[in-house]
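Structural features, examined
Listed below, chain by chain, are the residues.
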Amino acid sequence: MHNERTPLTERLAMHGDMFTASDAVIADYLLSNYPKSLLQNASEVAEALEFNNATVTRFFMKLGYASAKEAMADFKAELEFIIDAPINRYGERPLSPDGHGAEIAELLQIEQENIATTLTGLDVAAMKEVARLFGEKDRKVFIVGTRKEYSIAYYLYIQLLTLRENVSILREHSISNFISGIDESSVCVVMDFRRYAKLNRQIATYAKNLGAKLVAISDSRFCGTALIADHQFTVASKSTTMFDSYTAAASLINALMLYTIAQNGEVFKERLTKIESIYKEFDVFSSMK
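Since we're looking at a predicted model, the values are computed, not measured. Residue numbers here run from 1 along each chain, matching the order of that chain's written sequence. For this predicted model, a pLDDT threshold of at least 70 governs which residues receive local features, and a threshold of 80 or more governs which side-chain atom pairs are given and counted, while totals over whole chains, interfaces and linings are taken from all residues. Working from all heavy atoms in the structure, the side-chain values ignore hydrogens and water.

Description of the pattern of salt bridges
Quick reminder of the rule: Any carboxyl oxygen of Asp or Glu that lies within 4 Å of a side-chain nitrogen of Lys or Arg is treated as forming a salt bridge with it. The secondary structure listing takes helices from DSSP runs of H or I that are at least 4 residues long and strands from runs of E that are at least 2 residues long, numbered from the N terminus.
For the structure shown, the criterion picks out nine salt bridges. We note a salt bridge from Glu113 to Lys238, for which the minimum N-O separation is 2.8 Å. Of this pair, Glu113 sits in helix H6 (residues 102-120) while Lys238 sits in the loop between strand E5 (231-234) and helix H12 (247-281), and the two are 125 residues apart along the sequence. Residue Arg132 is joined to Glu136 by a salt bridge in which the shortest nitrogen-to-oxygen separation is 2.5 Å. Three or more residues are tied together by salt bridges with common partners; here these are Glu129, Arg132, Glu136 and Arg139.

Pasting the structure below:
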């Protein structure tokens, strides 16, 4: 059972450098008018922008589609991906009877594809900028992840907390206290995966309105948080089960840490030394006995 992603969002990013002024207007319309734009055909997009149909059709063909109709079919597939519930993907699948674990081989292949798709499409300039923000010790970092996304949010939180102070993660019992600490100099990192909890968008919007830097890590360029983010990273999440995979999300965070440490090694050295001495004093790990 594969949770296939539409390639349209990736194509917009890949071909952005080739866009004419009209192309840029169309791309901006498609992104800023989500989800309405996902349900419109090419004629409706052209009418809304007061363009002729040929201009819109040429735009989609530049993205590699045979026609505008094919592109809009991808758009609708993206919408179906966004609103799909796990129960719709549930199904018992028998294990391989020969004992060779064919399902494990399939799982490995899919996870490798997820990681390759996610890391190959990374915006390195955006990664370096986020890493720079993380390196500013006086800038507070707030990490948001609700429900399943909390696992990947915590993965980022525990690594950043090792490197620097002023890092907070959203916890259900302290939502108001968490939000009240955000200000215009903060960085707010939101993990936003389908089915897109309203709280993610609410906190992201609040932080954005204050002037904080907003970083979205999501499985769709079209989810609400991604659309308003200063920096957005898309994660491939195909899976063989009803549950989306966060393996590539962890790899993305690993890549982010790579840049963060490389750019700010001396900034973090004092804290790392202090933490290591505490580990030893309190005999935290058995290997230190």
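Things to note about the nonpolar core
Quick note on the threshold: In plain words, nonpolar cores are sets of buried Ala, Val, Leu, Ile, Met, Phe, Trp, Tyr and Cys residues tied together by side-chain atoms within 4.5 Å. Burial here depends on accessible area, computed with a 1.4 Å probe over protein chains only, as a share of the maximum for the residue type. Under 20% is buried, over 50% is exposed, and the range in between is partly exposed.
Leu30, Phe59, Phe60, Phe178 and Ile203 are the most contacted members of the largest nonpolar core, which totals 39 residues. If one sorts the elements of this core by residue count, helix H5 (residues 68-83) sits on top with six residues. Counting residues in hydrophobic clusters, the runner-up holds 33 residues, among them Leu163, Ala249, Leu252 and Ala255.

Here's the deal with the packing of aromatic side chains
Quick note on the threshold: A pair of Phe, Tyr and Trp rings is counted when the ring centres sit within 6.5 Å of each other, with Trp represented by its six-membered ring. The angle between the planes then sorts it: under 30 degrees is stacked, over 60 is edge-to-face, the rest tilted.
Under the criterion given, the structure shown has seven aromatic pairs. For the ring pair Phe19 and Phe59, a centre distance of 5.3 Å and an interplane angle of 50° mean the geometry is tilted. On the criterion of sequence distance, the pair formed by Phe19 in the loop between helix H1 (8-14) and helix H2 (21-32) and Phe59 in helix H4 (residues 53-62) is long-range, its members being 40 residues apart. With respect to burial, Phe19 and Phe59 carry one shared label: buried. Relative to Phe60, the ring of Phe59 lies with its centre 5.3 Å away and its plane at 70°, an arrangement referred to as edge-to-face. Per residue, the accessibility class of Phe59 equals that of Phe60, and both read buried. Taken together, Phe19, Phe59 and Phe60 form an aromatic cluster joined through their ring pairs.

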